Amino acid sequence: MANESNRRDFLKTSSLLTGGAILGSLPFASKAATGKSGYHFSVNDTIKVALIGCGGRGTGAAQQALSTKQNVQIVAMADAFRDRLDESYKNITNFLTAKNLKAADGTSKLNVPDANKFVGFDAYKQAMALADVVILATPPGFRPSHFEEAVRQGKQIFMEKPVATDAPGVRRVLAAAEEAKKKKLNVVVGLQRHYQPNYREMIKRIHDGALGDIVGGQVYWISGGVWHKPRKPNQTEMDYQMRNWYYFNWLCGDHINEQHIHNIDVANWVKKGYPVSCQGTGGRQVRNGKDDGEIFDHHIVDFTYADGTTINSQCRHYEGTYSKVDEMFLGTKGRVDSFGQKSILMDYKGQPIYTHNGKSDGNPYQIEHDELFDAIAKGEYKFADAENGAKSTMTAIMGRMATYSGKVVKWDEALNSQIDLFPDKLAWDAMPKSLPDKDGFYQIAVPGKTITV
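Residues numbered from 1 in each chain as written. Predicted model: local features only at pLDDT ≥ 70, side-chain atom pairs only at ≥ 80, totals over all residues. Heavy atoms only, no water.

**Brief notes about the UniProt feature "domain: Gfo/Idh/MocA-like oxidoreductase N-terminal" (unreviewed entry) in the chain**
UniProt marks residues 47-183 with the feature "domain: Gfo/Idh/MocA-like oxidoreductase N-terminal" (unreviewed entry), using the numbering shown here. Taken end to end, residues 47-183 is 45% helix and 18% strand, and its two terminal C-alpha atoms sit 19 Å from one another. (UniProt positions renumbered as here; feature names shortened; annotations may be inferred. Helix = DSSP H or I, 4+ residues; strand = E, 2+ residues; numbered from the N terminus.)

Now the structure itself:
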């Protein structure tokens with residue numbers, strides 16, 4: 001019964017994922033920000049945006065929002081660090097100049113005076129209050145509180161994946177997602193494959209039975225590593241971890257959550273549900289220095305779904321090795337080996353069932369913003385991605401629980417875990433829960449000893 005409920009919940013959610021259902025007219029709750037009520041029907045109406053999180057992904061999302069056909073204007077920015085905000089402001093300015101993008105009245109699409117540049121842990125609240133739409137792109141550990149506040153203020157929302165780093169955070173997002181639905185607030189999550197034409201077309205046909213029943217598959221994010229920010233003299237531990245957020249679980253959730261969620265989410269999408277259990281292995285083989293925080297450099301997980309199907313998941317960060325970011329699935333009638341530019345559903349005699357040539361497909365990062373702002377401009381309530389975003393995030397977190405503990409982890413126990421990774425206090429002189437030892441190394445999970453649920 002629980003498994004069937006899980007499947008029904010997924011289908012209810014996924015019916016909204018790609019804009020397939022218009023649920024009603026959109027109430028603009030941010031009347032104070034727009035100076036009026038009603039919808040943005042005219043090209044001369046300005047859709048006001050607040051950028052929360054001014055790193056590379058936030059800056060990119062802002063540029064994509066400003067590249068839509070609607071009269072979009074960024075009116076507020078917020079980040080924990082002033083230097084990151086200033087760098088983002090400069091990059092967006094240069095982007096608009098290079099693209100010659102201007103507001104409908106000829107003014108700049110980046111209208112953020114110094115008074116609307118907010119810095120600090122609470123900066124997001126002030127920035128949100130000035131906008132119709134918020135872009136949430138801080139490190140994922142902050143996503144639950146930021147999403148809750150955006151829903152409370154009645155904003156339309158684009159938020160990056162993943163949407164949490166632990167089970168308590170996922171539960172907060174799920175609760176806020178229900179409130180967003182009640183308020184008819186559009187929510188798009190940056191799992192952009194749901195807005196990518198080849199994925200949409202291929203998975204539609206898979207769901208229509210082109211491959212029969214899906215009985216197995218593999219999903220991959222195997223690549224090199226990411227950046228480091230060297231520790232500076234007299235730098236507080238909070239500042240250091242915030243600058244190096246990728247390497248700390250309260251901020252990132254490990255790379256199985258931060259990156260590999262994309263591929264894990266595709267497995268859930270194809271299977272029309274979420275796994276009921278998983279088991280796996282992982283560790284630190286090549287990335288094990290003082291500056292590598294507490295995360296693993298590889299994870300291998302078997303996710304088992306309600307019908308008994310197992311999807312194998314692999315992610316790793318090894319420089320100078322074979323790389324693959326893709327998904328493949330086996331059905332009773334055929335298979336898909338790749339969702340690359342030329343995607344093919346193939347039967348077991350080697351004959352194509354369907355071929356999608358994505359050479360002329362649009363950029364999915366742009367499409368997700370195009371469709372969101374089109375709905376907002378038309379006053380439509382069309383997107384409710386938060387529930388799926390939270391449950392795919394939970395799938396990745398469950399995988400981390402399995403690799404860290406070496407145990408079989410079940411969905412219900414993972415989702416109900418009380419382990420809260422977030423610091424008890426947010427301040428530059430406050431201490432996160434994970435701290436280095438006297439030699440500068442952080443405690444690393446040990447399978448068989450580490451408790452994760």
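**Topic: the pattern of salt bridges**
Considering all chains together, one arrives at 25 salt bridges under this definition. Ionic pairing is found between Glu-258 and Lys-161, a salt bridge with its closest N-O pair at 3.2 Å. With a gap of 97 residues between them, Glu-258 in helix 10 (residues 255-258) and Lys-161 in the loop between strand 6 (156-159) and helix 7 (167-182) connect regions that are remote in the sequence. Residues Glu-258 and Lys-161 agree in their burial class; the two are buried. Here Glu-237 and Arg-231 are joined by a salt bridge, their closest N and O atoms 3.1 Å apart. Owing to a relative accessible area of 10%, Glu-237 belongs among the buried residues under this scheme. Owing to a relative accessible area of 41%, Arg-231 belongs among the partly exposed residues under this scheme. Taken together, the salt bridges that share partners define one network made up of Arg-82, Asp-86, Asp-114 and Lys-117. (Salt bridge = Lys/Arg side-chain N within 4 Å of Asp/Glu carboxyl O. Buried < 20%, exposed > 50% of the residue type's maximum accessible area, 1.4 Å probe, protein only.)

**Some words on the pairing of strand 15 (residues 352-357)**
Where strand 14 (residues 342-347) and strand 15 come together, five bridges link them in antiparallel fashion. Bridge assignment links Leu-345 to a residue of strand 15, and that residue is Tyr-354. Linking strand 14 to strand 15, which pair antiparallel, is a turn of four residues; within it Gly-350 sits at a positive phi near 85°. (Pairing = 2+ DSSP bridges.)

**Some thoughts on helix 8 (residues 197-207)**
Along an α-helix, a turn takes 3.6 residues, which lines up residues three or four apart on a common side. Within helix 8 the residues assigned to the buried category are Pro-197, Asn-198, Tyr-199, Met-202, Ile-203 and Ile-206. Gly-209 occupies a position one or two residues after helix 8 and carries a positive phi of about 100°.

**Some thoughts on the sheet that holds strand 12 (residues 324-331)**
If you trace the nine strands from one edge of the open sheet to the other, you get 15-14-13-12-8-11-10-9-17, paired in mixed fashion. Of all the strands in the sheet, just strand 15 and strand 17 (409-410) have a single pairing partner and so form its edges. Note: strand 12 against strand 13 (residues 334-336), two bridges, orientation antiparallel. Bridge pairing links Phe-329 to Val-336 in strand 13.

**Concerning the packing of aromatic side chains**
Inspection of every chain in the model, using the stated rule, returns 17 aromatic pairs. Aromatic side chains Trp-227 and Tyr-247 sit 6.2 Å apart centroid to centroid with 85° between the ring planes, which places their arrangement in the edge-to-face category. Residue Trp-227 is found in the loop between strand 8 (214-223) and helix 9 (237-243), and its partner Tyr-247 is found in the loop between helix 9 and helix 10; the two are separated by 20 residues along the sequence. Taking the centre distance of 5.6 Å and the plane angle of 50° together, the rings of Trp-245 and Tyr-246 count as tilted. This pair shows no difference in class: Trp-245 is buried, exactly as Tyr-246 is. An aromatic cluster is built from Trp-227, Trp-245, Tyr-246 and Tyr-247, whose rings are joined through pairwise contacts. The positively charged end of Arg-243 is found above the aromatic ring belonging to Phe-81, 3.6 Å away from the centroid. (Phe/Tyr/Trp six-rings, centres within 6.5 Å; stacked < 30°, edge-to-face > 60°. Lys NZ or Arg CZ within 6 Å of the ring centre and 35° of its normal.)

**Here's the deal with the sheet that holds strand 5 (residues 133-136)**
With parallel pairing, the six strands of this open sheet are ordered in space as 4-3-2-5-6-7. Strands with a single pairing partner mark the edges of an open sheet, and in this sheet they are strand 4 (117-119) and strand 7 (187-189). Sheet twist, expressed as the mean angle between neighbouring strand axes with direction ignored, is 20°. One ladder, built from four bridges, connects strand 2 (residues 47-52) with strand 5; its direction is parallel. Within the sheet, the bridge partner assigned to Ile-52 lies in strand 5 and is Leu-136. Helix 3 (residues 56-66) rests against strand 2, strand 3 (72-79), strand 5 and strand 6 of the sheet, and its axis sits at about 165° to strand 3. Helix 4 (residues 82-99) rests against strand 2, strand 3 and strand 4 of the sheet, and its axis sits at about 160° to strand 3. (Axes fitted to C-alpha atoms, helices over the stretch in contact; angles between N-to-C directions. Contact = heavy atoms within 4.5 Å.)

**Structural notes on the nonpolar core**
Counting 70 residues, the largest nonpolar core has Phe-147, Ile-157, Met-159, Phe-329 and Met-394 as the members making the most contacts within it. Per-element accounting of this core gives the leading share, eight residues, to helix 13 (residues 386-405). Residue assignment places this core across two domains, with domain 1 (47-193) and domain 2 (197-362 + 385-416) each supplying three or more. If we ignore the near neighbours within four places in the chain, the residues touching Phe-329 are Ile-214, Gly-216, Gly-217, Val-219, Val-266, Ala-267, Val-270, Ile-311, Gly-334, Arg-335, Val-336 and Phe-339. (Core = buried A, V, L, I, M, F, W, Y, C linked by side-chain atoms within 4.5 Å. Domains from an automatic or database assignment.)

**With respect to the UniProt feature "domain: GFO/IDH/MocA-like oxidoreductase" (unreviewed entry) in the chain**
As recorded in UniProt, the feature "domain: GFO/IDH/MocA-like oxidoreductase" (unreviewed entry) lies at residues 199-336. Between the end C-alpha atoms of residues 199-336 there is a gap of 11 Å, over a span that is 22% helix and 31% strand.

**Focus: the side chain of His-255**
Within the secondary structure layout, His-255 lies in helix 10. One polar contact links the side chain of His-255 to the main-chain carbonyl oxygen of Phe-296, over a distance of 3.3 Å. Beyond its immediate sequence surroundings of up to four residues, His-255 is in contact with Tyr-246, His-260, Arg-287, Phe-296, Asp-297, His-298, His-299, Cys-315, Arg-316 and His-317. (Polar contact = N/O pair within 3.5 Å; in protein donor to acceptor, adjacent residues only side chain to side chain.)

**Observations concerning the domain arrangement of the chain**
Segmentation of the chain into domains returns domain 1 (47-193) and domain 2 (197-362 + 385-416). The centre of domain 1, based on its C-alpha atoms, is set 25 Å off from the matching centre of domain 2. Across the boundary between the two partners, domain 1 contributes 32 residues, which contact 36 residues of domain 2. Summed over both partners, the interface of domain 1 with domain 2 buries about 2600 Å², with 66% contributed by carbon and sulfur atoms. Where domain 1 meets domain 2, there are four salt bridges. With its nearest N and O atoms 3.0 Å apart, the salt bridge here joins Arg-243 to Asp-83. On the surface where domain 1 and domain 2 come into contact, there are 14 residue pairs in polar contact (both at pLDDT 80 or more). (Buried area = accessible area lost by both parts, 1.4 Å probe.)

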